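# Summary of the model geometry
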Amino acid sequence: MVTTNCKEIAGVDCAVPLNGNSVEELKRNVFAHAQKDHKDMLAKMSPADQAKIPQQIEAIWKKKTAGAPAR
């Protein structure tokens, strides 16, 4: 499982822990949280900036799972 938060993903002042057992699950959880708690911020973001979020999540996933034992 990987845990991250909005601050780590996008520099947003939010430390709510967001977890996922796969990168896809982590993305779903991050976007569900963002839609619920950061809807105004998302509405102000350009499509290009919104497209960077999944890339950030994937980079965090890779960093945190590098060297982790296989399941």
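The structure this text deals with has already been given above.
The residue numbering used here restarts from 1 in each chain and proceeds along that chain's sequence as written. It should be noted that, the model being predicted, local features are given only for residues of pLDDT at least 70 and side-chain atom pairs only at 80 or more, the latter also being counted only at that level, while totals for whole chains, interfaces and linings use all residues. Just so you know, side-chain values use all the structure's heavy atoms and leave hydrogens and water out.

## Side note on the overall build of the protein chain
As a reminder of what qualifies: Where helices and strands are cited, they refer to DSSP runs of H or I of at least four residues and of E of at least two residues respectively, numbered from the N terminus. Radius of gyration: over C-alpha atoms. The globule rule applied is 2.2 Å multiplied by the number of residues raised to the 0.38 power. Note on classification: 1.4 Å probe, protein chains only; a residue is buried when its accessible area is under 20% of the maximum for its type, exposed when over 50%, partly exposed between these limits. In what follows, residue pairs with any heavy atoms lying within 4.5 Å of each other are defined as contacts. Areas reported as accessible are Shrake-Rupley estimates using a 1.4 Å probe. Residue values count occlusion only from the protein chains shown. By the counting rule applied here, Lys and Arg register as positive and Asp and Glu as negative, while His and the ends of each chain are not counted. Throughout, a charge is located at the NZ atom of Lys, the CZ atom of Arg, the CG atom of Asp or the CD atom of Glu.
Broken down by element type, the protein chain carries four helices and two strands. Ordering the α and β elements of the protein chain from the N terminus gives β-α-β-α-α-α. For a compact globule of 71 residues, the expected C-alpha radius of gyration is about 11 Å, and the protein chain comes in at 12 Å, within 12% of that figure. Summarising its shape, the C-alpha atoms of the protein chain cover approximately 40 × 20 × 20 Å along the three principal directions. Per-residue burial for the protein chain yields a buried fraction of 27% across its 71 residues. Pairs at least 24 apart in sequence give 47% of the contacts found in the protein chain among residues at least 6 apart. For the protein chain, the accessible area works out to roughly 4,800 Å², and carbon and sulfur atoms hold 54% of it. Looking at charge distribution, the protein chain has the averaged site of its 11 positive side-chain charges lying 3 Å from that of its 8 negative ones.

## Section: the nonpolar core
Applied cut-off: Here the nonpolar core consists of buried residues drawn from Ala, Val, Leu, Ile, Met, Phe, Trp, Tyr and Cys, with membership extended through side-chain atoms lying within 4.5 Å.
Residues Cys6, Ile9, Leu26, Val30, Ile53 and Ile57 are the most contacted members of the largest nonpolar core, which totals 14 residues. Secondary-structure elements contributing two or more residues to this core are helix H1 (6-10), helix H2 (23-37) and helix H4 (47-65). At four residues, the largest contribution of residues to this core is made by H4. Beyond its immediate chain neighbours, meaning those up to four positions away, isoleucine 57 contacts Ile9, Val23, Leu26, Lys27, Val30 and Phe31.

## Here we look at H4
For clarity, the cut-off: Multiplying 1.5 Å by the residue count of a helix minus one yields the expected span of that helix.
In a regular helix each residue adds 1.5 Å, so 19 residues correspond to 27 Å; H4 covers 28 Å between its end C-alpha atoms and thus fits that length. Residues of H4 that are buried: Ile53, Ile57, Ile60 and Trp61. Buried-residue contacts for H4 involve strand E1 (2-4), H1, strand E2 (18-20), H2 and helix H3 (39-44). Once H4 ends, the next one or two residues include glycine 67, with phi positive near 80°.

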